[in-house]
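# Chains, contacts and geometry: an overview
Listed here are the chains, written in short residue letters.
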Amino acid sequence: MKSELRIKLYSYDHRLLDDTVKRIIKITEEIGVGIKGPIPLPTKKEVFTICRSPHVNKPSREQFERRTHKRLLIIEGNNAEVIKKLKSINLASGIEIKISL
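Quick summary incoming for the structure in this document. (Residues numbered from 1 in each chain as written. Predicted model: local features only at pLDDT ≥ 70, side-chain atom pairs only at ≥ 80, totals over all residues. Heavy atoms only, no water.)

### Brief notes about the pairing of strand S3 (residues 61-76)
As paired elements, strand S1 (residues 4-11) and S3 share eight bridges and run antiparallel to each other. Bridge pairing in S3 links Arg6 to Ile74. Pairing analysis gives 13 bridges linking strand S2 (residues 35-51) to S3, with the strands arranged antiparallel. Paired with Lys44 across the strands is Thr68, a residue of S3. (Pairing = 2+ DSSP bridges. Helix = DSSP H or I, 4+ residues; strand = E, 2+ residues; numbered from the N terminus.)

Here you go:
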């Protein structure tokens, strides 16, 4: 059975997310480990509706939305060197990473 490392990245800014994915791919290419991805996962869209003036103009509302972009990377044949390099990578603020074996 092959061991693989699954990395899920989450961010509100897709450009920041893509830059981080490129850096991870560059690290894996330097080590010489196989990689699948980046696989774009469905974007989560949250819409918030707020009353502008709760007392006078009830129908006057304002809408805001927040989109969470996600990417999946699968690194095949993980070893200690890959994990060590991934732990030392500097992530930009606003990016969440989840690593699972």
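Further notes follow.
### Things to note about the pattern of salt bridges
For side chains bearing opposite charge, pairing can occur when the charged atoms are close. With the rule as written, the count across this model stands at seven salt bridges. Linking Arg6 and Glu4 is a salt bridge whose minimum nitrogen-to-oxygen distance equals 3.2 Å. Its salt-bridge partner being Lys36, residue Glu76 comes within 3.3 Å of it at the nearest N-O pair. One end of the pair, Glu76, is in strand S3; the other, Lys36, is in strand S2, with 40 residues separating them in the sequence. By relative accessible area, which is 24% here, Glu76 ends up partly exposed. Through salt bridges with shared partners, a single network forms among Lys45, Glu65 and Arg67. (Salt bridge = Lys/Arg side-chain N within 4 Å of Asp/Glu carboxyl O. Buried < 20%, exposed > 50% of the residue type's maximum accessible area, 1.4 Å probe, protein only.)

Interpretation in functional terms is not warranted from these geometric data alone.
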